[in-house]
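The lines below spell out each chain.
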Amino acid sequence: MPIAFAGSRIDRADHIRSDPAAIEALHAEGRLLRMEGLDPVMTEEGDLAWASVADVPVEAELIFLGIDPDRDGRGCFVQVPAGSPDGMLFAGPRSWQAMSVLPPEELALYGAARALVNWHSRHRFCAVSGHPTRLDKGGWQRTCTDPACKAEHFPRTDPVTIMLVEHQGQVLLGRQPRFPAGRYSTLAGFVEPGETIEEAVAREVFEEAGVRVRDVTYVASQPWPFPSSLMIGCHAYADDGAITIDRTELDDARWFTRDDVAEAIDAANEGGMGKAFGAPPTTAIANVLMRWWLNRG
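Parameters at a glance
- Each chain carries its own residue numbering, running from 1 in the written order of its sequence.
- At least 70 in pLDDT is required for a residue's local features to be given in this predicted model, at least 80 for side-chain atom pairs to be given and counted, and no such filter applies to totals for whole chains, interfaces and linings, which use all residues.
- Hydrogens and waters are ignored; side-chain quantities use all the structure's heavy atoms.
- Only DSSP runs of H or I covering at least 4 residues are called helices, and only runs of E covering at least 2 are called strands; the numbering of each starts at the N terminus.
- A radius of gyration in this sense is built from C-alpha atoms; the matching globule rule multiplies 2.2 Å by the number of residues raised to 0.38.
- Only protein chains enter the accessibility calculation, which uses a 1.4 Å probe; a residue whose area is less than 20% of its type maximum is buried, one above 50% is exposed, and one in between is partly exposed.
- Only heavy atoms enter the contact rule, under which two residues are in contact if any of them lie within 4.5 Å.
- Here the open area of atoms and residues is found with the Shrake-Rupley method and a 1.4 Å probe, where only the protein chains shown may cover a residue.
- Working definition: a ring pair exists when centres of Phe, Tyr or Trp rings (six-membered ring for Trp) sit within 6.5 Å. Plane angles under 30 degrees give stacked, over 60 give edge-to-face, the rest tilted.
- A positively charged side chain is recorded as over a ring if its NZ (Lys) or CZ (Arg) lies within 6 Å of the ring centre. The angle to the ring normal must also be within 35 degrees.
- Nonpolar core, defined: a set of buried Ala, Val, Leu, Ile, Met, Phe, Trp, Tyr and Cys residues in which side-chain atoms within 4.5 Å join the residues together.
- Salt bridges are defined as contacts in which a side-chain nitrogen from Lys or Arg sits within 4 Å of a carboxyl oxygen from Asp or Glu.
- What counts as an axis is a line fitted to C-alpha atoms, over the stretch in contact for a helix, and the angles between N-to-C directions run from 0 to 180 degrees.
- The scheme is simple: roughly parallel for angles under 35 degrees, roughly antiparallel for over 145, roughly perpendicular for 65 to 115, oblique for anything else.
- In this scheme the crossing of two helices becomes right-handed for a clockwise turn of the near helix relative to the far one and left-handed for an anticlockwise turn of less than a right angle.
- Any residue that is not Ala, Val, Leu, Ile, Met, Phe, Trp, Tyr, Cys, Pro, Asp, Glu, Lys or Arg is counted as polar, Gly included; the first ten are nonpolar and the last four charged.
- When DSSP finds two or more bridges between a pair of strands, those strands are recorded as paired.
- Grid spacing is 1 Å over the protein atoms alone, the probe is 1.4 Å, and a cavity is where that probe fits but cannot get out, while a pocket is an open set with protein on both sides within 12 Å along at least five of seven lines and lining residues have an atom within 4 Å of a point.
- Grid points are joined across faces, edges and corners, and a volume is the space filled by probe spheres set on the points.

All right, on to the overall build of the protein chain then. A count of helices and strands for the protein chain gives seven helices and 15 strands. Relative to the 2.2 N^0.38 estimate, which gives 19 Å for 297 residues, the radius of gyration of the protein chain is 21 Å and therefore close to what a compact globule would have. When its C-alpha atoms are laid out on the principal axes, the protein chain stretches across 60 × 50 × 30 Å. Split into buried and exposed, the 297 residues of the protein chain put 49% on the buried side. Long-range pairs, those at least 24 residues apart, make up 63% of the contacts in the protein chain with a sequence separation of at least 6. If you sum the accessible surface of the protein chain, you get close to 14,600 Å²; carbon and sulfur atoms cover 50% of it.

As structure tokens, then:
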């Protein structure tokens, strides 16, 4: 089952990241992924737009994305903008356009580039000493420039549990205030320090909907670069269908039947809204979880 932002064909070439000379040697014929802030620049054909690394100023910060096996091993790079890019957290219209038209491998490459550019733009100063940081290891590290500190900082990924909860043949879905009218999705929440994935699933479902769950199992995961999450898709069972909604988290939560979900997924595939509710777009792992549940029979 295809998952958006997964499936890049780029070889990340970790062995090159610690070799500045090897990275510089790739600049001559290197390809530069074009971005405006955090949005992708796309061609008229609906592909990612590229430029030449040779045209980039020497002082620019370049992130080494990896080597493209489909283009004779040419290096792929993206530039960190001088200022803070707009749209750090949420997907804007151009990002949604990219999700709808880019081939999976290109969308995965853009997602990695977006997350890295965002992280670099937010970590220009050391969290330990406050001094400026410099890009290191091809963009997979920033290092404090203070000789007395030299703290190393690495791109972060925030784990998020997103779970399909089942009870007597129905699934629990909720909606947040920012959702489009009629849209419902699986519940989700960040994994907190000192928590397992299973504990995070149980805590988040109880906090948001007052439902106790058991038998948590992993289904699939999805990189989600808004700004840098890893969505961990899970399934769980509830023994009691009573719901107590936390209104600070959700506008609503309710149980939906298999027929409701199937009809909503079919409508979403056509870009429409189901009769019972509107399903998440096909690019979201919540949609993947719903399709997985339907296919289980």
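Looking now at the packing of aromatic side chains. In the structure shown here, the tally under the stated rule is seven aromatic pairs. Ring centres 4.5 Å apart and planes at 50 degrees place the aromatic pair Phe256 and Phe277 in the tilted group. Of this pair, Phe256 sits in strand β15 (residues 252-257) while Phe277 sits in the loop between α6 (258-269) and α7 (285-296); the two residues are 21 residues apart in sequence, bridging distant segments of the chain. On the accessibility criterion, Phe256 (3% relative accessible area) is buried. Classification of Phe277 as buried rests on a relative accessible area of 1%. Joined through ring pairs, the aromatic side chains of Phe5, Trp224 and Phe226 make up one cluster. The lysine or arginine in question, Arg31, covers the ring of Trp50, its NZ or CZ lying 4.0 Å from the ring centre. Positioned above the aromatic ring of Trp293, the side-chain terminus of Arg258 is 4.1 Å from the ring centre.

This next bit is on the environment of Asn269. Inspection of the secondary structure assignment puts Asn269 in helix α6. Each C-alpha atom, one on Asn269 and one on Phe226, is 23 Å from the other, the two residues being 43 residues apart in sequence.

It is worth spelling out the nonpolar core at this point. Ranked by size, the top nonpolar core spans 47 residues in total, and within it Leu65 and Phe277 carry the most contacts. Counting residues in hydrophobic clusters, the runner-up holds 18 residues, among them Val165, Leu172, Val216 and Trp255.

Another point: the pattern of salt bridges. Here the structure, examined in full by the defined rule, presents 16 salt bridges. In this structure, Asp158 and Arg156 form a salt bridge, with 2.5 Å as the shortest nitrogen-oxygen distance. Take Asp158: its relative accessible area is 15%, and that puts it in the buried class. Measuring nitrogen to oxygen at the nearest pair gives 3.0 Å for the salt bridge that ties Glu204 to Arg203. The pair formed by Glu204 and Arg203 is uniform in burial state, with each residue classed as buried. Each of Glu192, Glu195, Arg203, Glu204 and Glu207 takes part in one network of salt bridges that share partners.

What follows deals with the packing of α6 against α7. Contact pair α6 / α7: the axes reach a minimum separation of 10 Å and the direction vectors enclose 130 degrees. The angle between α6 and α7 places the two elements in the oblique class. The two elements α6 and α7 meet at a crossing, and its hand is left-handed. Residues Arg258, Val261, Ala262, Ile265 and Ala268 of α6 touch α7, and the partners they reach there are Asn287, Met290, Arg291, Trp293 and Leu294. The class makeup of the residues in the contact of α6 with α7 is seven nonpolar, one polar and two charged.

Let us now look at the pairing of strand β13 (residues 213-224). Pairing of β13 with strand β14 (residues 229-238) involves nine bridges; the strand directions are antiparallel. Paired with Ala220 across the two strands is Gly233, which belongs to β14.

Attention shifts here to the layout of surface pockets. If you add up the space inside the largest pocket, you get close to 1,000 Å³. Gln176, Arg178, Phe179, Trp224 and Met231 are, among the 35 residues lining the largest pocket, the residues nearest its centre. Taken together, the elements giving at least two residues each to the lining of the largest pocket come down to β10 (158-167), β11 (170-175), β12 (187-190), α5 (197-209), β13, β14 and α7. By residue number, the principal contributor to the lining of the largest pocket is β12, which donates four residues. A breakdown of the residues in the lining of the largest pocket according to their chemical character gives 21 nonpolar, seven polar and seven charged.

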